[in-house]
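Inside the fold
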Amino acid sequence: MLRVSRLTDYATVVMTCIAAHPTEVLSAVQIADETRLELPTVSKLLKALGHAALVESFRGVNGGYRLARAAADISLVEIVEAIEGPIGMTECSMAEGQCDREAQCGVRGSWQLVNNVLDNALRAVSLADMLKPQPPRPSRRIAAVAISDIAMPAKSRRVTTE
């Protein structure tokens, strides 16, 4: 199964917690309590999110963390990459020269397309979007259309009627 790691999932939880308090500086203990995550896990995530310049940290008695930018200006891809590193479905979809079979590979271009779809989808969702209540899940057919809209520019799509 293809999925983000538990730490990446928790990072989105931590970031949405901080984003829900835009005017406050929250301590790691407050974040851990509110998210119901273990303090060492929250501390580890905050360190990585700080290195990625997604959160700012403040020392002292009133120290803690807040978002480095507005929630609307932080994309989900930034959070994922802060924890996972660069997104790549396969080694060769990230950069050339990563695979010995690259020259004779017939699926590299397809994997690059899938990688681009995923990257665009994650870039399209902001941290502010993650705070909004989500409507009921659409059917798979509708979701597939949305993904094709991301994958192919409108000019290159064929329009058919059923």
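Above this text sits the structure in question.
Residues numbered from 1 in each chain as written. Predicted model: local features only at pLDDT ≥ 70, side-chain atom pairs only at ≥ 80, totals over all residues. Heavy atoms only, no water.

Points about the pattern of salt bridges
Tallied over the entire structure, the rule returns 4 salt bridges. With a shortest N-O distance of 2.4 Å, glutamate 78 and arginine 69 are connected by a salt bridge. Owing to a relative accessible area of 24%, glutamate 78 belongs among the partly exposed residues under this scheme. For arginine 69, a relative accessible area of 31% corresponds to the partly exposed category. (Salt bridge = Lys/Arg side-chain N within 4 Å of Asp/Glu carboxyl O. Buried < 20%, exposed > 50% of the residue type's maximum accessible area, 1.4 Å probe, protein only.)

Digging into helix α1 (residues 6–19)
Since there are 3.6 residues in each turn of an α-helix, residues three or four apart along the chain are aligned in direction. Taking 1.5 Å of rise per residue, the 14 residues of α1 would be expected to cover 20 Å, and the 20 Å separating its terminal C-alpha atoms lies within 8% of that figure. Of all the residues in α1, the buried ones are Thr8, Ala11, Thr12, Val14, Met15, Thr16, Cys17, Ile18 and Ala19. (Helix = DSSP H or I, 4+ residues; strand = E, 2+ residues; numbered from the N terminus. Expected span 1.5 Å × (residues − 1).)

A word on the pairing of strand β2 (residues 64–67)
Here strand β1 (residues 55–58) runs beside β2; their pairing, made up of 4 bridges, is antiparallel. By the bridge assignment, phenylalanine 58 is partnered in β2 with glycine 64. (Pairing = 2+ DSSP bridges.)

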